[in-house]
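Okay, here's what each chain looks like letter by letter:
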Amino acid sequence: QVQLVESGGGLVQAGGSLRLSCAASGPIFRINGMGWYRQAPGKQRELVALIYSGGIANYADSVKGRFTISRDNAKNTVYLQMNSLKPEDTAVYYCKAAIVGAGVRGDYWGQGTQVTVSS
């Protein structure tokens, strides 16, 4: 059974930093795209950043220059370094991974981790 477990959320003041991690486990052969999404209260879930297996990354305009996505393929883990945080970054952050494994293929989501930025 494939699982994605996130960690690293919390409460931080505006201008501060947080680093999120998301580790995938289970019968995994390879992971293609890995991404971070977020959902603020009353809003739709939105893409924050996406990274492909070769390392190419894409970012939402709202986080460019402040957030950095990276991955460790050996550990099946994706990270999101968030700097210069703003109150509008407050949301539940979810990771998603496109996984191919033994008897599994598809997109898998983590349970979410809360990020709260105070002004």
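As a starting point, this report considers the structure included with it.

The rules behind each value
Residues numbered from 1 in each chain as written. Predicted model: local features only at pLDDT ≥ 70, side-chain atom pairs only at ≥ 80, totals over all residues. Heavy atoms only, no water. Helix = DSSP H or I, 4+ residues; strand = E, 2+ residues; numbered from the N terminus. Polar contact = N/O pair within 3.5 Å; in protein donor to acceptor, adjacent residues only side chain to side chain. Contact = heavy atoms within 4.5 Å. Salt bridge = Lys/Arg side-chain N within 4 Å of Asp/Glu carboxyl O. Buried < 20%, exposed > 50% of the residue type's maximum accessible area, 1.4 Å probe, protein only.

**Quick look at the side chain of Lys96**
No. 1: Along the chain, the position of Lys96 falls in strand S9 (residues 91–101).
No. 2: Here Tyr37 takes part through its side chain, which lies 3.4 Å from a polar atom of the side chain of Lys96.
No. 3: With sequence-adjacent residues up to four places away left out, Lys96 is seen in contact with Leu4, Gly33, Met34, Gly35, Tyr37, Asp107, Tyr108 and Trp109.

**Some details on the environment of Pro87**
No. 1: Counting through the fold element by element, Pro87 comes out in the loop between strand S8 (77–82) and S9.
No. 2: For the pair Pro87 and Gln13, spaced 74 residues apart in sequence, the C-alpha separation works out to 8.2 Å.
No. 3: In this view, Pro87 contacts Ala14, Val117 and Ser119; residues no more than four positions away in its chain are not counted.

**Quick look at the pattern of salt bridges**
No. 1: Applying the stated criterion to the full structure yields five salt bridges.
No. 2: As a salt-bridge pair, Arg38 and Glu46 come within 2.7 Å of each other at their nearest N and O atoms.
No. 3: On the accessibility criterion, Arg38 (6% relative accessible area) is buried.
No. 4: Given the relative accessible area of 37%, Glu46 is considered partly exposed.
No. 5: For Asp61, the salt bridge is made with Lys64, and the minimal N-O distance between the two is 3.1 Å.
No. 6: Members of the salt-bridge network, linked through shared partners, are Arg38, Glu46, Arg66 and Asp89.

Everything listed is a geometric property; what it means functionally is a separate question.
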